[in-house]
Amino acid sequence: MNKKVYIETYGCQMNVADSEVVVSILSKAGFVQTENIKDAGLILINTCSIRDNAEQRIWGRLNAISHLKKQKNDLKIGIIGCMAERLKEKLIETQHLVDIVVGPDAYRELPLLVSEAEAGHKAVNVLLSREETYADISPVRMDKNGVSSFVSIMRGCNNMCAYCVVPYVRGAERSRYPESVLEEAKELFEMGYREVTLLGQNVDSYNWVSNNEIVGFPELLEKVAMIDPGLRVRFSTSHPKDISDSLLTTISRYNNICKHIHLPAQSGSSRILNLMNREYTREWYMDRVNSIRTLIPGCSLSTDMITGFCTETEEDHKESLSLMEWAGFDFAYMFKYNERPGTKAARKYKDDVPETIKSERLSEMIALQNKLSIKSKKSDIGMVFDVLIEGFSKRSVEYLSGRTSQNKVVVFPADDFKKGDYIKVLIERCTAATLIGRSV
Ligand code: SAM
Ligand code: SF4
């Protein structure tokens, strides 16, 4: 078989990290990665199921590559990840194009499944596992900048938010052996990387128990931060119900733990939060933000918001807006509620907010967040930040681009600096998305 594999990744950072594991597993079986889809003997699409439009994109993509299969008889196409888990029958039965369907916990089986497909069978494994963390697999880095990378510290989710498909497609939560996380982060630092982002659906519930040790997320974060002061550490995602003062204190104690927390609120209405099964109230969320402000001065805060969840009234929506304004989020991902088959909300509640109202509320939310994001950037003008350089700016090779600890993008004249350097930048002005300054 033509052992060139082309992999395309959709969805969250977790999928990016998973694709790196997949490439590592396949390279041990003699495959080499190609950037050119036309050269490939195996095309893998790592999919996302979080909202319907994510899945529609994948169906569209399958259509778009169907001609390749006609041109090359021996080409094998695999759908891997969340959509494989959710739609295994549909994918196999209706898509003659698809030879291989593999869920997120079965990637070790990929070489075997590819052989099955080679032998002319449809190859499927979507078994979820209670143990699989791919802890021993050293991912093949696919990021382009060589400065920042992701390290997955846990898989799955036990939270059962009423709207969310993740627990169904990625299974129960399990934490990765801490030594393997540390090894991976150390290896990255030695390779020249200067930033790692520790990934999990709810990093605050990271928990490793062995005979003589219990490691929670604050301990793990501290261990990673101690690898080297020159290695920046980020993490995502925190859950408001679990984020502890002990974690906030750890963040404040280490200069290299980035001062940015992504804390998805989803809604500002306690009634809606209860229906969403988020297990916190508006007041609890505000209390957590107050603790962040007290324990980590200068910390930036971002969030995820959903508009138009089942039964959401104008009043509930106003509460979401007022929470956003109160918190002064530096950044937000905002979504219209999208009913996902099989979730608690789909089974028990009516998706009763009309699409037009969802869109209106989303536009209002985006307009507010734009205002907040600009305010947040303007407040940085005149200040000096430590910036980790990630590469040239998109617009010009005379400028470099990097990030502050607060995760804001900064552009400045390149001079003799290079990516991977830390420099101090005085912020002189800003656009809606970027801070602009000069080194000092
Ligand atoms: N585990 C993280 C959390 O709890 O915040 C992130 C989960 S999910 C991959 C990312 C975001 O997608 C969620 O925070 C939520 O805002 C959004 N999301 C999930 N399900 C959704 C749905 N059915 N409709 C609209 N947005 C959804
Ligand atoms: Fe989904 Fe909630 Fe788990 Fe996040 S915490 S992945 S929103 S179920």
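Refer to the structure presented above.
What you see is a predicted model, and the numbers here were worked out from it, not measured in a lab.

**Considerations on helix α2 (residues 52–71)**
Turning to step 1, where the next piece is worked out: Helix length check: α2 (20 residues) gives 30 Å between terminal C-alpha atoms against 28 Å at 1.5 Å per residue, within 8%.
Turning to step 2, where the next piece is worked out: Where α2 bends most, the angle comes to about 35 degrees, and this point is Ile-65.
Turning to step 3, where the next piece is worked out: Buried within α2 we find Ala-54, Glu-55, Ile-58, Trp-59, Leu-62, Ile-65, Ser-66, Leu-68 and Lys-69.
Turning to step 4, where the next piece is worked out: Here the buried face of α2 lies against β3 (42–47), β4 (76–81), α3 (82–86) and α4 (88–94).

**Some points on the nonpolar core**
One recurring pattern in soluble globular proteins: nonpolar side chains tend to sit buried together.
Turning to step 1, where the next piece is worked out: In this structure, Leu-198, Phe-217, Ile-261 and Phe-309 are the most contacted members of the largest nonpolar core, which totals 67 residues.
Turning to step 2, where the next piece is worked out: Not counting the four nearest positions on each side in its chain, Ile-261 is found in contact with Phe-235, Ser-238, Ile-243, Leu-248, Ile-251, Ile-292, Ile-296, Cys-299, Ser-300, Leu-301 and Ser-302.
Turning to step 3, where the next piece is worked out: In this structure, Tyr-6, Leu-91, Val-98 and Val-126 belong to the second largest nonpolar core, which totals 23 residues.

**Here's the deal with a negative patch on the surface**
Turning to step 1, where the next piece is worked out: A contiguous patch of negative charge on the surface is contributed by Glu-179, Glu-183, Glu-187 and Glu-190.
Turning to step 2, where the next piece is worked out: Of note, Glu-187 is situated in helix α7 (residues 178–190).
Turning to step 3, where the next piece is worked out: For Glu-187, a relative accessible area of 36% puts it in the partly exposed group.

**Structural notes on the site of ligand 2**
Turning to step 1, where the next piece is worked out: Residues in contact with ligand 2, as listed here, are Cys-157, Asn-159, Met-160, Cys-161, Tyr-163, Cys-164, Val-166, Pro-167, Gln-201, His-239 and Arg-278.
Turning to step 2, where the next piece is worked out: Tallied by class, residues from the shell around ligand 2 come to 7 nonpolar, 3 polar and 1 charged.

**Let's talk about the sheet that holds strand β7 (residues 148–152)**
Turning to step 1, where the next piece is worked out: If you trace the 3 strands from one edge of the open sheet to the other, you get β7-β10-β13, paired in parallel fashion. Edge strands, defined here as strands with exactly one partner in the open sheet, are β7 and β13 (232–236). Across the sheet, the axes of successive neighbouring strands diverge by a mean angle of 25 degrees, strand direction being ignored.
Turning to step 2, where the next piece is worked out: Bridge count for strand β10 (residues 195–199) against β13 is 5 bridges, and the pairing is parallel. Note that in β13 the partner of Val-196 across the bridge is Val-233.
Turning to step 3, where the next piece is worked out: Set on the sheet, helix α8 (residues 217–225) makes contact with β10 and β13; between it and β13 the angle comes to about 150 degrees.

**Some details on the site of ligand 1**
Turning to step 1, where the next piece is worked out: Around ligand 1 sit 15 residues, and of these Gln-201, Pro-264, Gln-266, Asp-304 and Asn-338 come closest.
Turning to step 2, where the next piece is worked out: Within the side chain of Gln-266, an N or O atom sits 2.7 Å from an oxygen atom of ligand 1.
Turning to step 3, where the next piece is worked out: Between ligand 1 and Arg-278 there is a distance of 3.3 Å, counted from an oxygen atom to a side-chain nitrogen or oxygen.
Turning to step 4, where the next piece is worked out: Residue assignment for the shell around ligand 1 shows that the elements contributing at least two residues are β15 (300–307) and β16 (331–336).

**Side note on the sheet that holds strand β18 (residues 399–404)**
Turning to step 1, where the next piece is worked out: Spatial strand order, β17-β18-β19-β21-β20: 5 strands in a closed barrel with mixed pairing. Mean inter-strand twist for the sheet, computed between neighbouring axes without regard to direction, equals 50 degrees.
Turning to step 2, where the next piece is worked out: Here strand β17 (residues 384–392) pairs with strand β20 (residues 422–430) via 5 bridges, running antiparallel. The residue of β20 that forms the bridge with Leu-388 is Tyr-422.

**As for unusual backbone geometry**
Turning to step 1, where the next piece is worked out: Going from Ser-236 to Thr-237, the amide bond is cis rather than trans, its omega being 10 degrees.
Turning to step 2, where the next piece is worked out: Position of Thr-237 relative to the elements: it lies in the loop between β13 and α9 (245–253).
Turning to step 3, where the next piece is worked out: In the Ramachandran plot, Met-160 falls in the positive-phi region, its phi being about 55 degrees despite a non-glycine side chain.
Turning to step 4, where the next piece is worked out: By secondary structure assignment, the location of Met-160 is in the loop between β8 (154–155) and α6 (166–170).
Turning to step 5, where the next piece is worked out: Taking the relative accessible area as the measure of exposure, Met-160 reaches 38% and is therefore partly exposed.
Turning to step 6, where the next piece is worked out: A positive phi is found at Asn-277, a non-glycine position, where the angle reads about 65 degrees.
Turning to step 7, where the next piece is worked out: Among the structural elements, Asn-277 can be located in the loop between α10 (270–275) and α11 (282–295).

**Some thoughts on the environment of Lys-70**
Turning to step 1, where the next piece is worked out: Relative to the elements of secondary structure, Lys-70 occurs in helix α2.
Turning to step 2, where the next piece is worked out: For Lys-70, a relative accessible area of 69% gives the class exposed.

**Concerning the environment of Asp-204**
Turning to step 1, where the next piece is worked out: In this fold, Asp-204 is placed in the loop between β10 and β11 (207–210).
Turning to step 2, where the next piece is worked out: We classify Asp-204 as buried; its relative accessible area is 14%.
Turning to step 3, where the next piece is worked out: Here the alpha-carbon distance between Asp-204 and Pro-240, two residues 36 residues apart in the chain, equals 9.0 Å.
Turning to step 4, where the next piece is worked out: Residues within four places of Asp-204 in sequence aside, it is in contact with Phe-217, Thr-237, Ser-238, His-239, Asp-242, Ile-243 and Leu-247.
Turning to step 5, where the next piece is worked out: Reaching out from Asp-204, the side chain makes a polar contact with the backbone nitrogen of His-239 at a distance of 2.7 Å.

**With respect to the pairing of β4**
Turning to step 1, where the next piece is worked out: Within β4, 6 of the 6 residues are buried, leaving the element largely enclosed by the surrounding structure.
Turning to step 2, where the next piece is worked out: Of the strand pairs in this sheet, β3 and β4 are connected by 6 bridges, and their pairing is parallel. Looking at β4, one finds that Ile-45 is bridged to Ile-79.
Turning to step 3, where the next piece is worked out: After leaving β3, the chain enters α2 and then returns to the sheet as β4, a path that is right-handed.
Turning to step 4, where the next piece is worked out: Where β4 meets strand β5 (residues 100–102), 3 bridges bridge the pair, whose relative direction is parallel.

Reading the values: rules and limits
Residues numbered from 1 in each chain as written. Chains lettered and ligands numbered in written order. Predicted model: local features only at pLDDT ≥ 70, side-chain atom pairs only at ≥ 80, totals over all residues. Heavy atoms only, no water. Helix = DSSP H or I, 4+ residues; strand = E, 2+ residues; numbered from the N terminus. Expected span 1.5 Å × (residues − 1). Bend = angle between axes of the 7 residues up to and from the residue. Buried < 20%, exposed > 50% of the residue type's maximum accessible area, 1.4 Å probe, protein only. Contact = heavy atoms within 4.5 Å. Core = buried A, V, L, I, M, F, W, Y, C linked by side-chain atoms within 4.5 Å. Patch = residues over 30% accessible without salt bridge, like charges linked within 9 Å, V, L, I, M, F, W, Y side chains within 5 Å. Areas by Shrake-Rupley, 256 points an atom, 1.4 Å probe, with all protein chains shown as cover. Salt bridge = Lys/Arg side-chain N within 4 Å of Asp/Glu carboxyl O. Lys, Arg positive; Asp, Glu negative; His and termini not counted. Charge placed at Lys NZ, Arg CZ, Asp CG, Glu CD. Near = heavy atom within 4 Å. Nonpolar A, V, L, I, M, F, W, Y, C, P; charged D, E, K, R; others polar. Pairing = 2+ DSSP bridges. Axes fitted to C-alpha atoms, helices over the stretch in contact; angles between N-to-C directions. Polar contact = N/O pair within 3.5 Å; in protein donor to acceptor, adjacent residues only side chain to side chain. Right-handed = clockwise from strand over helix to strand, strands pointing away.

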